[in-house]
Amino acid sequence: MPNRIPERTARPRRFLMCRPTHFTVDYAINPWMDPERPTDTALAVRQWEHLRTLYRRLGHTVELIEPLPGLPDMVYTANGATVLDGRALVATFRHPERAGESDAHQAWFRAHGYREVRRAGHVNEGEGDLLVAGRRVLAGTGFRTDPAAHAEARALFGVQVLSLTLVDPRFYHLDTALAVLDDDHVMYYPAAFSPDSQALLRSLYPDAILADRADAEVFGLNAVSDGRRVLLPEPAKALAAQLAEQGYEPWPVDVSELLKGGGGPKCCTLELRPA
Ligand SMILES: CN(C)C(=N)NCCC[C@H](N)C(=O)O
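Values in this document were obtained by computation on a predicted structure and should not be read as measured data.

The rules we used
Residues numbered from 1 in each chain as written. Predicted model: local features only at pLDDT ≥ 70, side-chain atom pairs only at ≥ 80, totals over all residues. Heavy atoms only, no water. Helix = DSSP H or I, 4+ residues; strand = E, 2+ residues; numbered from the N terminus. Rg over C-alpha atoms; globule rule 2.2 N^0.38 Å. Contact = heavy atoms within 4.5 Å. Areas by Shrake-Rupley, 256 points an atom, 1.4 Å probe, with all protein chains shown as cover. Lys, Arg positive; Asp, Glu negative; His and termini not counted. Charge placed at Lys NZ, Arg CZ, Asp CG, Glu CD. Salt bridge = Lys/Arg side-chain N within 4 Å of Asp/Glu carboxyl O. Near = heavy atom within 4 Å. Polar contact = N/O pair within 3.5 Å; in protein donor to acceptor, adjacent residues only side chain to side chain. Nonpolar A, V, L, I, M, F, W, Y, C, P; charged D, E, K, R; others polar.

A.B. asks: Before we go on, may I ask you to explain the overall build of the protein chain in this structure?
C.D. replies: Helices and strands together make up the secondary structure of the protein chain, namely six helices and 15 strands. Relative to the 2.2 N^0.38 estimate, which gives 19 Å for 275 residues, the radius of gyration of the protein chain is 17 Å and therefore close to what a compact globule would have. Projected onto its principal axes, the C-alpha coordinates of the protein chain cover approximately 60 × 40 × 35 Å. Expressed as a percentage of contacts within the protein chain between residues at least 6 apart in sequence, the contacts between residues at least 24 apart total 70%. Carbon and sulfur atoms form 51% of the exposed surface of the protein chain, whose accessible area is close to 11,000 Å². Of the charged side chains in the protein chain, 31 are positive and 36 negative; the average position of the first set lies 5 Å away from that of the second.

A.B. asks: Sorry, what's going on with the pattern of salt bridges here?
C.D. replies: Pairs may arise between side chains of opposite charge once their charged atoms sit close together. Applying the stated rule across the entire model yields 20 salt bridges. Of the charged contacts in the structure, one is a salt bridge between Arg135 and Asp85, with a shortest N-O distance of 2.8 Å. Of this pair, Arg135 sits in the loop between strand 6 (130-133) and strand 7 (136-141) while Asp85 is found in the loop between strand 3 (81-84) and strand 4 (87-90), placing the two residues 50 residues apart along the sequence. For the salt bridge of Arg170 with Glu217, the shortest nitrogen-to-oxygen distance reads 2.6 Å. A residue pair is termed long-range when its members are at least 10 positions apart, and Arg170 in the loop between strand 8 (160-165) and strand 9 (178-182) and Glu217 in helix 5 (residues 213-217) qualify at 47 residues. Several salt bridges share partner residues, and in doing so they unite Arg13, Glu127, Lys266, Glu271 and Arg273 into one network.

A.B. asks: Is there a simple way to explain the site of the ligand in this structure?
C.D. replies: For the ligand, the set of nearby residues contains 18 residues, the closest of which are Asn30, Arg98, Asp175, Gly261 and Cys267. Asp73 places a polar side-chain atom, nitrogen or oxygen, 2.9 Å from a nitrogen atom of the ligand. Between an oxygen atom of the ligand and a side-chain N or O atom of Arg98, the distance comes to 2.7 Å. Against a free-state accessible area of 390 Å², the protein chains account for coverage of 100% of the ligand. Across the shell around the ligand, the residue classes tally to five nonpolar, nine polar and four charged.

Laid out in structure tokens, this is it:
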């Protein structure tokens, strides 16, 4: 009997985004950034506007945080916090170039009625490394987020937090190597993880979609899923085909300019999970 394609259900989401008004690459804190390569801020804004419009068209709510001059990476709001049950754990960045973003996010969450807003006591780059999967948090470490931040997240959110070690500097945040598709389904690039973390992922998600190197290298895993529709960088063709085979709707987006900073659709999108 042929395998049945599972029925996928979309759930409306609430996202926080930041217009890339001040986007440029004038420092390099990840292997994708090259300050010698010109950037086109107007194009970055157009690509970002398209992403925002798409979310709205798909029925999601987009809230905005004001972009600040001198913080060109602020467009990557996923790194600003992790939000679960109305509690915001605000990022503490590894690199001084991004440190100013923490105050901006803290102020935003305080002004928007979150029941608890806490600044991380250890290096913690928000949803770049802490991905919420149902009532579990998958937590990356190796390049940015400190393992001690995982314990802090466990204490604040009161959910299971599972540590995963990244081993390839090109996949420096968990959300470059793994995407949560649904509460209990993920896709990931195995070679980005240590052997122990690969084994853990295999046991947790035996039916995960596995990305190949080519799709991982175009940031195909830096994707946003609402349970059925999956927005991902358009060059990740094989991954889009795999998603379709598994009952998802791939929505390819052009984020070529934003990739110059080392981030794709997911990096530009922080999910707000109310109480
Ligand atoms: C998918 N990724 C990596 C993100 N969640 N964020 C992008 C951060 C980019 C920034 N220039 C940096 O290197 O911090």
